[in-house]
Amino acid sequence: MLLLAAAFLVAFVLLLYMVSPLISPKPLALPGAHVVVTGGSSGIGKCVAIECYKQGAFITLVARNEDKLLQAKKEIEKHSVNDKQVVLCISVDVSQDYSQVENVIKQAQEKLGPVDMLVNCAGMSLSGKFEDLEVSTFERLMSVNYLGSVYPSRAVISTMKERRVGRIVFVSSQAGQLGLFGFTAYSSSKFAIRGLAEALQMEVKPYNVYVTVAYPPDTDTPGFAEENKTKVVTMGLFRTIALFYIGSFDSIVRRCMMQRAKSEIADKTA
């Protein structure tokens with residue numbers, strides 16, 4: 001029985017592997033595409049912008065700090081592949097006022113054309129035990145990490161649907177898949193992104209607009225360095241324990257299956 005189940009599972013996985021190229025969306029051609037990156041002045045956002053620029057995309061960088069934006073612009077422009085490429089910088093807080101974000105997107109589209117891909121990288125992290133965190137911390141992280149992705153996405157979605165072309169990327173976190181000690185405020189804001197992305201994908205898929213969620217682990221960025229300032233000393237240990245805890249479910253399931261199989265054999269021979 002177990003062999004039959006295993007064979008069925010393997011066959012199902014192989015079938016998915018064979019069918020997936022037929023049902024997966026075609027990759028977006030980046031040469032000449034307009035890519036908007038929020039939180040693009042540093043960290044993951046800047047690296048994403050560089051990689052897209054290397055492939056011939058036009059880039060709009062959106063972040064709060066104008067000086068960092070201009071510095072990032074210079075770094076990105078070093079990787080141009082043709083003399084037509086442009087890096088546009090716009091300073092705005094994407095988590096505060098939707099009308100401002102909407103105006104920024106309109107400005108970007110007027111200069112570089114419709115947005116083909118939006119990469120939501122704006123975000124921050126603060127950690128601490130639940131009862132030690134100020135309520136304002138929960139409000140701030142939900143505003144930056146969640147609404148900071150909602151507003152830009154809302155500003156580009158109508159045009160993407162009209163054109164039947166578009167990609168939206170949400171940068172969540174491993175903490176958006178697994179709640180961890182000390183990250184009650186951060187994890188909840190990153191979990192919210194997953195719900196948003198899954199629901200949005202169901203709405204826009206018929207219009208050839210596709211949504212992707214990235215779940216990066218700890219990454220060497222300025223934001224991660226800031227996060228480390230508020231970390232509990234044992235937090236790394238709790239992360240490790242949590243991962244082992246989740247992994248232990250596999251062995252629990254296997255033991256239960258073996259015990260069930262033994263019980264069925266015993267019942268038949270009784």
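Quantities reported herein were computed from a predicted structural model and do not represent experimental measurements.

Engineer: What is the right way to read the confidence of the model for the chain from this model?
Structural biologist: Segments scoring low in pLDDT should not have their predicted coordinates read at a detailed level. For the chain, the average pLDDT comes to 83, and 75% of its residues sit at 70 or higher. Predicted confidence for residues 220–235 stays below pLDDT 50, and this span has 22 contacts to residues more than four positions away or in other chains.

Engineer: Can you walk me through the sheet that holds strand S2 (residues 58–63) in this structure?
Structural biologist: Strands belonging to one sheet form pairs held by backbone hydrogen bonds; the direction of such a pair is parallel or antiparallel. Spatially, S3-S2-S1-S4-S5-S6 is the arrangement adopted by the six strands of the open sheet, whose pairing is parallel. Looking at the sheet topology across the chains shown, the edges are occupied by strand S3 (87–91) and strand S6 (209–214). Averaged over all adjacent pairs, the angle separating strand axes in this sheet is 15 degrees, with direction ignored. Inspection of the sheet shows strand S4 (residues 117–120) paired to strand S5 (residues 166–171) by four bridges, in the parallel sense. Within the sheet, the bridge partner assigned to Val-119 lies in S5 and is Val-169. Along the sheet face, helix H3 (residues 66–77) touches S2 and S3 and points at about 170 degrees away from the line of S3. Of the strands in this sheet, strand S1 (34–38), S4, S5 and S6 are in contact with helix H5 (residues 135–163), which crosses S4 at around 170 degrees.

Engineer: Got a minute to help me understand the pattern of salt bridges in this structure?
Structural biologist: It is possible for side chains bearing opposite charge to pair when their charged atoms get close. All chains considered together, the criterion is met by five salt bridges. Linking Glu-51 and Lys-54 is a salt bridge whose minimum nitrogen-to-oxygen distance equals 3.5 Å. Placement of the pair is Glu-51 and Lys-54 together in helix H2 (residues 43–54), with a separation of three residues, close to one helical turn. By relative accessible area, which is 39% here, Lys-54 ends up partly exposed. Of the charged contacts, one joins Arg-163 and Asp-116 as a salt bridge, the two residues approaching to 3.2 Å between their closest N and O atoms. Of this pair, Arg-163 sits in helix H5 while Asp-116 sits in the loop between helix H4 (98–112) and S4, and the two are 47 residues apart along the sequence.

Engineer: Explain the pairing of S5 here, please?
Structural biologist: The side chains of a regular strand alternate between the sheet's two faces. With six of six residues buried, S5 lies mostly within the body of the structure. The side-chain alternation of S5 yields two buried faces, one formed by Gly-166, Ile-168 and Phe-170 and the other by Arg-167, Val-169 and Val-171. On the question of chirality, the crossover connecting S4 to the parallel S5 by way of H5 is right-handed. Both S5 and S6 contribute to a ladder of six bridges, which runs parallel.

Engineer: I keep staring at the pairing of S2 and nothing clicks. Help me out?
Structural biologist: Counted residue by residue, S2 has five buried out of six residues, so it is predominantly covered. Judged from the five bridges that link them, S1 and S2 form a sheet pairing that is parallel. Looking at S2, one finds that Val-36 is bridged to Thr-60. In this fold, S1 hands off to H2, which returns the chain to S2; that crossover is right-handed. The pairing of S2 with S3 spans five bridges and is parallel. Across the sheet, the residue bridging to Thr-60 is Leu-88, located in S3. Handedness of the crossover is the feature at issue here: the chain leaves S2, passes through H3, returns alongside S3, and the resulting connection is right-handed.

How each quantity is defined
Residues numbered from 1 in each chain as written. Predicted model: local features only at pLDDT ≥ 70, side-chain atom pairs only at ≥ 80, totals over all residues. Heavy atoms only, no water. pLDDT = per-residue confidence, 0-100. Contact = heavy atoms within 4.5 Å. Pairing = 2+ DSSP bridges. Helix = DSSP H or I, 4+ residues; strand = E, 2+ residues; numbered from the N terminus. Axes fitted to C-alpha atoms, helices over the stretch in contact; angles between N-to-C directions. Salt bridge = Lys/Arg side-chain N within 4 Å of Asp/Glu carboxyl O. Buried < 20%, exposed > 50% of the residue type's maximum accessible area, 1.4 Å probe, protein only. Right-handed = clockwise from strand over helix to strand, strands pointing away.

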